Amino acid sequence: MKKLINDPKNVVDESVEGFGLAHPDIVSVTPDPLFVARASGAVSGKVAIVSGGGSGHEPLHAGFVGVGMLSAAVPGPVFTSPTPDPIVAATLAVDGGAGVLHIVKNYTGDVLNFETAADLADAEGVRVASVVVDDDVAVKDSLFTAGRRGVAGTVFVEKVAGAAAERGDDLDAVVAIATKANSVVRTMGVALAAGIVPHAGEPSFVLADDEIEIGIGIHGEPGRERIPLEPADAIVDRMLAPILEDLPFASGDRVLLFVNGMGGTPLVEQYIVYRHAAKVLAEKGIEVARTLVGNFATSLEMQGVSITVAKLDDELTELWDAPVETVALRWGR
Amino acid sequence: MKKLINDPKNVVDESVEGFGLAHPDIVSVTPDPLFVARASGAVSGKVAIVSGGGSGHEPLHAGFVGVGMLSAAVPGPVFTSPTPDPIVAATLAVDGGAGVLHIVKNYTGDVLNFETAADLADAEGVRVASVVVDDDVAVKDSLFTAGRRGVAGTVFVEKVAGAAAERGDDLDAVVAIATKANSVVRTMGVALAAGIVPHAGEPSFVLADDEIEIGIGIHGEPGRERIPLEPADAIVDRMLAPILEDLPFASGDRVLLFVNGMGGTPLVEQYIVYRHAAKVLAEKGIEVARTLVGNFATSLEMQGVSITVAKLDDELTELWDAPVETVALRWGR
Amino acid sequence: MSLGLSWVTAWVADTVKVVSDNRLHLIDLDREIGDGDHGENLDRGFTAVKAKFESLPSDSTPGEALKLVATTLISTVGGASGPLLGTAYLKGSQAIGDQAELDSDAVVAFLTAARDGVVLRGKAEVGDKTMIDAWTPAVDAATAAAADGKSPSEVLRAASDAAAAGAVSTEPLVARKGRASYLGERAVGHRDPGAESSSLIIAAAADAAASQEG
Amino acid sequence: MSLGLSWVTAWVADTVKVVSDNRLHLIDLDREIGDGDHGENLDRGFTAVKAKFESLPSDSTPGEALKLVATTLISTVGGASGPLLGTAYLKGSQAIGDQAELDSDAVVAFLTAARDGVVLRGKAEVGDKTMIDAWTPAVDAATAAAADGKSPSEVLRAASDAAAAGAVSTEPLVARKGRASYLGERAVGHRDPGAESSSLIIAAAADAAASQEG
Ligand SMILES: Nc1ncnc2c1ncn2[C@@H]1O[C@H](COP(=O)(O)OP(=O)(O)O)[C@@H](O)[C@H]1O
Ligand SMILES: Nc1ncnc2c1ncn2[C@@H]1O[C@H](COP(=O)(O)OP(=O)(O)O)[C@@H](O)[C@H]1O
Ligand SMILES: [Mg+2]
Ligand SMILES: [Mg+2]
Ligand SMILES: [Mg+2]
Ligand SMILES: [Mg+2]
């Protein structure tokens, strides 16, 4: 394992410290318990939004803290949910009196720790609501699993919920927006090579030189199937089919098409993926109204991408377009 | 080699096509000869800025096309300078009557092809000036080399020159800004593992499991020295020393500190690098007034980072802060 | 005889030791069907509990002491097991209120509330290949033993034996909760790490109670 | 005898063949001290030249034909060698103006202007381990041969012999221009790919002239 780190056990603390030093105009970092909040602090009278989870998915979530998106992010150890303490601390710090929405990716650990934190914050008199994101079509959502995982679609949910909070929606309305956003977003991932967790020192899984893993999550968990490497266009076809069938997306729909790099795949390849995905959607009469391409919900230096499609209505489009000023997403201001 | 590509020889064309499909609000792609220009076209009465070079460094340069930065970018084959034809075509397409600045990274091929293009554009009646960026302190600038390479500092030069053109500076003034910017910016890179050029299929160089290469460029050329892996802070010390000595930077200076990911190094590590670099500068009394962290001038999926320090005066600060609306850099609008 | 604060402190001390001794064993179990951190998570948590107990007021009730275990686990373990086990101790401590001494019924009330807490949070049923596969048999055995008029120590021994058998019973199962559920058939043949650790913890409770009697 | 358009077309045909035959050889040389694309670059360029020549008007002057080589190389080769060789042909073609037949002095004028064009663009001197190490000896030898009253074909043969020796002379050198200059001492012992290819191209010119005579 070669990494630009010091002691593996300080990776998250040092990195988040660096993040705070780099962006003091946008965020402020509280070291213990560790969370990242807007530099401007709590906004009186507006709903606050807190997200978080294991580290290693940067810029998710700290890179989305700022005006128009998250109020705070709580980074756990690499690929491990934070405990409730920092979640509670973040929740109390950003509450502006209008309540706090927790946006939680659907992993048992994340869900439970956020749930506990919500109870504790509630006991402190802060009204907390939660929306769990589960956009990953690779996992069967059935009685036989912990349910679909929350992956790159989380960026979409956080953006539109943040915009709703920013325009002054109350907690119930922000919850409704986040819930609607989650209900229309679908994601599928592929990995060419796993990343390496610093304290583990070894890749979470090993793929042969001609193998790829379809249906990968963002923690290097096993995917749907391991298949021989194919041309990019064929891989995109494989990823898009279950996404489009699932909602289902249909001719006439307007969508956000989001190609997300997993960390170790260059932009050159991400745009080759985008190109074919855009063509497939066009052939099906699905209009790509908005686009996002880049490394937004990563899995350390995993090589691979995910494709996310979200069905837009006028309101979601307006909220997606609303001004945002975070480290990783910035427009309109 | 595992890559999300179709035919290796179509990598650049397909990727740039995807880029154009993804960002029609910001750029428009001309396929033959291949260049990327602002969607808004030539701006009458303002100086236009064209850059380019081999592909594989994305988002450099196409990601910096847009209001407040480049007027056009010309992507060559991976790691190979474009020929003059697309450079001429881009130059003619974006000229608004006030002349065109070519910003060129210092590699023999780039310099020569841009020079030829400038002559040809000149023959078509377009006034063209060139500024060659050579910020890489790893290469000895002497009679014995082709001179310092142009690396991540190019982003700084393109940003401030773009802002100068945007505010209406004439060609001589934009050239003066770009020249000043290049004279105050210094970069040093390190690689942990090389990227793989699609048509080559093999890494440009191979490092052992405990080796890193200090002083690397952005084409996988050999660096200054190959040393055993060290903690991140020690590596940062090694990279900063030649940068700070070179200008030299001194106590009281205000600087832009830019940590650039080479493509395959996660943000977690880039911020660990940023953290220590910021501390070293603070200890030396050098004030970090502006910051940039992320993958901006990459070398495919190379694992590594470069550190760039640019000395800011009031004018350069103002130009850095000026609004920019490109795919990769966006603020103030 | 009944169980007081000294039982709780003995239980905590035994748990700290058994978790530390089984750290690698639990990590190995979790590596096979999870992400390999379960032993690390619990060891971190109980090490923190141990430190907290050094300043536990000597006039604490068992409920207060067990609540301290709960809050400490919740704030130090993370992952799935932190809130689950933490909630178990929290709900258990609430069930026994401020009683200074716990009789057999109180022990059953503690175990039942603890198990219910895990179910409340984790929604798992017996057979889902989780810690519930240790807890529920333990509660059932304890309930039966108390109904038979057994002492608190005997009640806990019955619970402990049932929990151990429950942990073993997870081996042939496909997981329906937690990370292992993504593995489908590939989880078969492996013991659930959380069931194993819960069985170890309940065994420590029985051992501590036995030492109180002796 | 003098050299007309048929010499130019024969030269181009020979060059296309020799570059294609030496594609891998040039790639290997460039891989050692550059980036391994030189053979690919030139092969792409001369393949394009061949296609362009298929529609060359039969009443073209040698200068017009050579200018077509220049512009085609410039727009298809890229990298360092494209503009350098392209400029060589461009400046050479300008030096011979619209002469329909080239005598020895015109051949020398062509070679001199071509070399000067490379120097103008690339600023290299003899000994910098570049294509100039082939071109300058070629120009010197051609100049001497013309002064001795040799025929155009003899002048080109003298140039070709000198260029070949010049390419070999790059082997012990450290590079001071181009990509190889970053290698320092590590470039020693390798022949410069651009000097090698220029020597092959000049040899093709001599061969074509010889075939015109025969
Ligand atoms: N929904 C659930 N209900 C009960 N127990 C669960 C549930 N999900 C997971 N567990 C238990 O948690 C254990 C894993 O804990 P741990 O490894 O510490 O957390 P994580 O899975 O987040 O890494 C599993 O072995 C299982 O016994
Ligand atoms: N400044 C220069 N002057 C003359 N020739 C040069 C110069 N720089 C490079 N060359 C020649 O170009 C050759 C390399 O060409 P090529 O491999 O096609 O381009 P690149 O170096 O851009 O990959 C070198 O072998 C050398 O002979
Ligand atoms: Mg875990
Ligand atoms: Mg090249
Ligand atoms: Mg685990
Ligand atoms: Mg080359």
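It should be emphasised that the depicted structure is a prediction, and the values quoted were computed from it without experimental measurement.

Thresholds applied
- Residues numbered from 1 in each chain as written.
- Chains lettered and ligands numbered in written order.
- Predicted model: local features only at pLDDT ≥ 70, side-chain atom pairs only at ≥ 80, totals over all residues.
- Heavy atoms only, no water.
- Contact = heavy atoms within 4.5 Å.
- Buried area = accessible area lost by both parts, 1.4 Å probe.
- Salt bridge = Lys/Arg side-chain N within 4 Å of Asp/Glu carboxyl O.
- Polar contact = N/O pair within 3.5 Å; in protein donor to acceptor, adjacent residues only side chain to side chain.
- Helix = DSSP H or I, 4+ residues; strand = E, 2+ residues; numbered from the N terminus.
- Expected span 1.5 Å × (residues − 1).
- Buried < 20%, exposed > 50% of the residue type's maximum accessible area, 1.4 Å probe, protein only.
- Near = heavy atom within 4 Å.
- Areas by Shrake-Rupley, 256 points an atom, 1.4 Å probe, with all protein chains shown as cover.
- Nonpolar A, V, L, I, M, F, W, Y, C, P; charged D, E, K, R; others polar.
- Arc of directions from axis to C-beta.
- Pairing = 2+ DSSP bridges.
- Least-squares fit on C-alpha atoms with pLDDT ≥ 70 in both.
- Domains from an automatic or database assignment.

**Comments concerning the interface of chain B and chain A**
And step 1. Contacts between the two partners involve 55 residues from chain B and, on the opposite side, 55 residues from chain A.
And step 2. Interface area, chain B with chain A, both sides summed: about 4600 Å², of which 62% is carbon and sulfur.
And step 3. Sorting the residues of chain B by area buried against chain A places B:Lys2, B:Leu4 and B:Tyr271 first, and these three jointly supply 20% of that buried surface.
And step 4. The interface formed by chain B and chain A holds eight salt bridges in total.
And step 5. The shortest N-O distance in the salt bridge between B:Arg275 and A:Glu14 comes to 3.9 Å.
And step 6. Counting every contact that joins chain B to chain A gives 24 residue pairs in polar contact (both at pLDDT 80 or more).
And step 7. Contributions of two or more residues to the side of chain B that touches chain A are made by α1 (11-22), α6 (232-246), α7 (267-283), β12 (287-294), β13 (303-311) and β15 (330-331) of chain B.

**Quick word on helix α5 (residues 81-95) of chain D**
Residues and elements named next belong to chain D.
And step 1. Look at α5: 21 Å from first C-alpha to last across 15 residues, which is about the 21 Å you get at 1.5 Å a residue.
And step 2. Along α5, 11 of the 15 residues are buried, which leaves the element largely enclosed by surrounding structure.
And step 3. The set of residues buried in α5 consists of Ser81, Gly82, Pro83, Leu84, Leu85, Gly86, Thr87, Ala88, Tyr89, Gly92 and Ser93.

**Comments concerning the site of ligand 2**
And step 1. Looking at ligand 2, there are 21 residues lining it, with D:Asp35, D:His38, D:Ala80, D:Ser81 and D:Asp192 nearest.
And step 2. Surrounding ligand 2 is a set of residues that belongs to chains B and D.
And step 3. Note that an oxygen atom of ligand 2 is positioned 3.1 Å from one of the backbone N or O atoms of D:Met131.
And step 4. Here ligand 2 loses 95% of its free accessible area of 570 Å² to cover by the protein chains.
And step 5. Listing elements by their share of the shell around ligand 2, those giving two or more residues are α3 (38-53), α5 and α9 (193-213) of chain D.
And step 6. Per element, the largest residue contribution to the shell around ligand 2 is three residues, and it comes from α9(D).
And step 7. Considered class by class, the residues forming the shell around ligand 2 number six nonpolar, nine polar and six charged.

**Focus on the site of ligand 1**
And step 1. Close to ligand 1 lie 21 residues; C:Asp35, C:Ala80, C:Ser81, C:Gly122 and C:Asp192 are nearest.
And step 2. Near ligand 1, residues from chains A and C are present, making the site a shared one.
And step 3. In the model, an oxygen atom of ligand 1 is placed 3.0 Å from a nitrogen or oxygen of the C:Gly194 main chain.
And step 4. Contact with the protein chains removes 95% of the 570 Å² of surface that ligand 1 exposes when unbound.
And step 5. Every element with two or more residues in the shell around ligand 1 is listed here: α3 (38-53), α5 (81-95) and α9 (193-213) of chain C.

**Concerning helix α8 (residues 314-321) of chain B**
Residues and elements named next belong to chain B.
And step 1. Buried within α8 are the following residues: Leu316, Thr317, Leu319 and Trp320. Viewed along the axis of α8, the buried residues span an arc of 165°, placing them on a single side of the element. Away from its buried face, by an angle of more than 90 degrees, α8 presents the exposed residues Asp314 and Glu318.
And step 2. If you follow the buried residues of α8, they end up packed against α4 (153-166), α5 (171-183), β11 (254-261), β12, β13 and β15.
And step 3. The opening residue of α8 is aspartate 313, an N-cap whose side-chain oxygen sits 3.1 Å from the backbone nitrogen of glutamate 315.

**Examining the sheet that holds β15(B)**
For sheets, the rule is that strands pair by backbone hydrogen bonds, running either parallel or antiparallel.
Residue and element names in this part refer to chain B.
And step 1. Reading across from one edge, β4-β14-β15 is the order of the three strands in this open sheet, with antiparallel pairing throughout. Here the strands that pair on one side only, and so sit at the sheet edges, are β4 (66-67) and β15.
And step 2. Relative to strand β14 (residues 324-326), β4 runs antiparallel, the two being bridged by two bridges. Bridge pairing in β14 places glycine 66 opposite threonine 326.

**Some words on the relation of the copies chain B and chain A**
And step 1. For the pair chain B and chain A, the superposition axis carries a translation of 0.0 Å, the fit reaches an RMSD of 0.0 Å, and the rotation angle comes to 180°. The relationship between the two copies is best expressed as a two-fold rotation axis.
And step 2. Same-surface contact between copies: 100% of interface residues of chain B are shared with the interface of chain A.

**Observations concerning the arrangement of the chains**
And step 1. Inter-chain contacts occur across three pairs of chains; the most extensive set of contacts lies between chains A and B.
And step 2. No part of chain A reaches chain D; the closest C-alpha pair between them is 20 Å apart.

**Some details on the interface of chain D and chain B**
And step 1. Each side of the interface is counted separately: chain D has 21 residues, and chain B has 25 residues.
And step 2. Summing the contributions of chain D and of chain B, the shared interface buries around 1800 Å²; its carbon and sulfur component is 55%.
And step 3. Of all residues in chain D, D:Arg121, D:Arg176 and D:Tyr182 bury the most surface against chain B, accounting for 37% of the area lost on that side.
And step 4. Put simply, chain D and chain B have two salt bridges between them.
And step 5. The tally of links between chain D and chain B comes to six residue pairs in polar contact (both at pLDDT 80 or more).

**With respect to the pairing of strand β8 (residues 211-214) of chain A**
Residues and elements named next belong to chain A.
And step 1. Pairing of strand β7 (residues 185-193) with β8 involves two bridges; the strand directions are antiparallel. Bridge pairing links alanine 191 to glutamate 213 in β8.
And step 2. Note: β8 against strand β9 (residues 225-228), four bridges, orientation antiparallel. The residue of β9 that forms the bridge with glutamate 211 is proline 228.

**Structural notes on the domain arrangement of chain A**
Residues and elements named next belong to chain A.
And step 1. Each domain of chain A was delimited in the assignment, giving domain 1 (12-183) and domain 2 (185-317).
And step 2. In this structure, domain 1 and domain 2 have C-alpha centres spaced 23 Å apart.
And step 3. Each partner contributes to the interface: domain 1 provides 30 residues, whereas domain 2 provides 36 residues.
And step 4. A combined buried area of about 2600 Å² lies between domain 1 and domain 2, and 62% of that area is made up of carbon and sulfur atoms.
And step 5. Considering only the surface of domain 1 that becomes buried against domain 2, Phe79, Val137 and Phe156 emerge as the three largest contributors, covering 23% of it.
And step 6. Measuring nitrogen to oxygen at the nearest pair gives 2.9 Å for the salt bridge that ties glutamate 315 to lysine 180.
And step 7. When contributions to the side of domain 1 that touches domain 2 are tallied by element, the ones reaching two or more residues are α4 (153-166) and α5 (171-183).
And step 8. Looking at the side of domain 1 that touches domain 2 residue by residue, the classes come out as 16 nonpolar, six polar and eight charged.

**Structural notes on the pattern of salt bridges**
And step 1. If you walk through the whole model with that rule in mind, you get 70 salt bridges over all chains.
And step 2. Linking D:Arg121 and B:Asp119 is a salt bridge whose minimum nitrogen-to-oxygen distance equals 2.7 Å. Of this pair, D:Arg121 sits in helix α6 (residues 104-122) while B:Asp119 sits in helix α3 (residues 108-123), on two different chains.
And step 3. As a salt-bridge pair, D:Asp116 and D:Arg115 come within 2.9 Å of each other at their nearest N and O atoms.
And step 4. You can call D:Asp116 partly exposed: its relative accessible area is 39%.
And step 5. Its relative accessible area of 15% is what places D:Arg115 among the buried residues.
And step 6. Linked through salt bridges whose partners overlap, the residues forming this network are A:Arg167, A:Asp169, A:Lys180, A:Asp313, A:Glu315 and A:Glu318.

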